[in-house]
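Residue strings, one per chain:
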2 protein chains.
Amino acid sequence: MVKQIIIVRKDIKMGKGKTAAQVAHASLGAYKKAKKLSPKLIAEWESEGEKKVVLKGTLEDLINFKQWADAKKIPSYMVSDAGRTQLAPGTVTTLGIGPEKDEELKETKILKLL
Amino acid sequence: MVKQIIIVRKDIKMGKGKTAAQVAHASLGAYKKAKKLSPKLIAEWESEGEKKVVLKGTLEDLINFKQWADAKKIPSYMVSDAGRTQLAPGTVTTLGIGPEKDEELKETKILKLL
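Bear in mind the structure is a predicted one, so any value in this text is a computation, not a measurement. (Residues numbered from 1 in each chain as written. Chains lettered and ligands numbered in written order. Predicted model: local features only at pLDDT ≥ 70, side-chain atom pairs only at ≥ 80, totals over all residues. Heavy atoms only, no water.)

(A) Summary view of the relation of the copies chain B and chain A. The two copies are related by a screw motion: chain B maps onto chain A through a turn of 180° and a shift of 0.0 Å along the axis, at an RMSD of 0.0 Å. Accordingly, the operation relating the two chain copies is best matched by a two-fold axis. A share of 100% of the interface residues of chain B reappears at the interface of chain A, consistent with the copies meeting face to face through the same patch. (Least-squares fit on C-alpha atoms with pLDDT ≥ 70 in both. Contact = heavy atoms within 4.5 Å.)

Have a look at this one:
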């Protein structure tokens, strides 16, 4: 199974629509990177229904998992908000990881579902 | 300004994470269609920060806007949930429209922000 993980900051206040838009940013950003780096994984992910899992974490969790993904060469994409609404410009909101094989993503299981 | 609209059903019950994942499905699905049909619009959208607007509507709204987008030849993507969690299989959850030029999307202004 191939899946994409999106981690949302739980330590800032975002409404439901804002959260959804930031998750979509992270998902698309990580997808574009993965599409270039591992088109075979993307094809597998697409054939399996493009599973996306949305988790929650602190800013520290997002930074740690970004470094972890970089070290493992898993495509990832960190989103900073443009700051037009609700948040200060540059606020980190979400992190998209993969699509990647399930077994490579085990470490993310320490985080809870949003 | 080029933007992407995602409409979320307000007449079914979905948690915050579920909603975010369904919005990401719609966003990515509509993006892929638009990428093939209008790569120039996509480039403009990317240069402007990939604006995404998340709105809410009924199932009827989603169906109507899907037909409206088809008639106007605006790329769009309707999401049906696989039904592993929370919803019955095949339940329509979200509709992604565009990226498309702002002025082509005026009709969506009858819907409220999520």
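(B) Examining the interface of chain B and chain A more closely. Chain B puts 23 residues into the contact, and the matching count from chain A is 23 residues. Summing the contributions of chain B and of chain A, the shared interface buries around 2,000 Å²; its carbon and sulfur component is 66%. Contact with chain A buries surface across chain B, with B:K16, B:L28 and B:K52 losing the most and accounting together for 27% of the total. The tally of links from chain B across to chain A stands at four salt bridges. Among the salt bridges present, the one from A:E50 reaches B:K32, with a minimum N-O distance of 2.5 Å. Of all the secondary-structure elements, those providing two or more residues to the side of chain B that touches chain A are α1 (16–37), α2 (39–47) and β2 (52–57) of chain B. Here the element with the most residues in the side of chain B that touches chain A is α1(B); it accounts for twelve residues. In terms of residue class, the side of chain B that touches chain A is made up of ten nonpolar, six polar and seven charged. (Buried area = accessible area lost by both parts, 1.4 Å probe. Salt bridge = Lys/Arg side-chain N within 4 Å of Asp/Glu carboxyl O. Helix = DSSP H or I, 4+ residues; strand = E, 2+ residues; numbered from the N terminus. Nonpolar A, V, L, I, M, F, W, Y, C, P; charged D, E, K, R; others polar.)

(C) A look at the sheet that holds strand β3 (residues 76–80) of chain A. Residue and element names in this part refer to chain A. As summarised here, the arrangement of the five strands in space is β3-β4-β1-β2-β5, forming an open sheet in which the pairing is mixed. Pairing within the sheet leaves two strands with one partner each, and these edge strands are β3 and β5 (112–113). For strand β1 (residues 2–9) and strand β2 (residues 51–57), the ladder comprises seven bridges, and the chain directions are parallel. Residue pairing in the sheet places I7 in a bridge with L55 of β2. (Pairing = 2+ DSSP bridges.)

(D) Main features of the packing of aromatic side chains. Residues and elements named next belong to chain B. A complete count under the given rule lists five aromatic pairs over all chains for this structure. Where Y31 meets W45, the ring centres are 6.3 Å apart and the plane angle is 40°; that geometry is what we call tilted. Of this pair, Y31 sits in helix α1 while W45 is found in helix α2, placing the two residues 14 residues apart along the sequence. With respect to burial, Y31 and W45 carry one shared label: buried. On the numbers, 5.5 Å between centres and 80° between planes, the contact of F65 with W68 is edge-to-face. Placement of the pair is F65 and W68 together in helix α3 (residues 59–71), with a separation of three residues, close to one helical turn. Like W68, F65 is buried. (Phe/Tyr/Trp six-rings, centres within 6.5 Å; stacked < 30°, edge-to-face > 60°. Buried < 20%, exposed > 50% of the residue type's maximum accessible area, 1.4 Å probe, protein only.)

(E) A look at α3(B). All names here are of chain B. Its 13 residues place the ends of α3 18 Å apart at the C-alpha level, agreeing with the 18 Å of an ideal helix rising 1.5 Å per residue. Here α3 has its buried residues at D61, L62, F65, K66, W68 and A69. Across the axial projection of α3, the buried residues extend over an arc of 165°, all falling on one side. Counted as exposed and oriented over 90 degrees from the buried face of α3: E60, Q67 and A71. Of the surrounding secondary structure, the elements contacted by the buried residues of α3 are β1 (2–9), α1, β2, β3 (76–80) and β4 (92–101). Positive backbone phi, approximately 55°, marks K73, located one or two places after α3. (Expected span 1.5 Å × (residues − 1). Arc of directions from axis to C-beta.)

(F) Seen up close, the nonpolar core. The biggest cluster of nonpolar side chains holds 23 residues, and the ones touching the most others in it are A:V23, A:V54, B:V23 and B:V54. Looking at this core, the elements with two or more residues in it are β1 and α1 (16–37) of chain A together with β1 and α1 of chain B. Those residues in contact with B:V54, other than ones at most four positions away along the chain, are A:G17, A:A20, A:A21, B:I6, B:V8, B:V23, B:L113 and B:L114. (Core = buried A, V, L, I, M, F, W, Y, C linked by side-chain atoms within 4.5 Å.)

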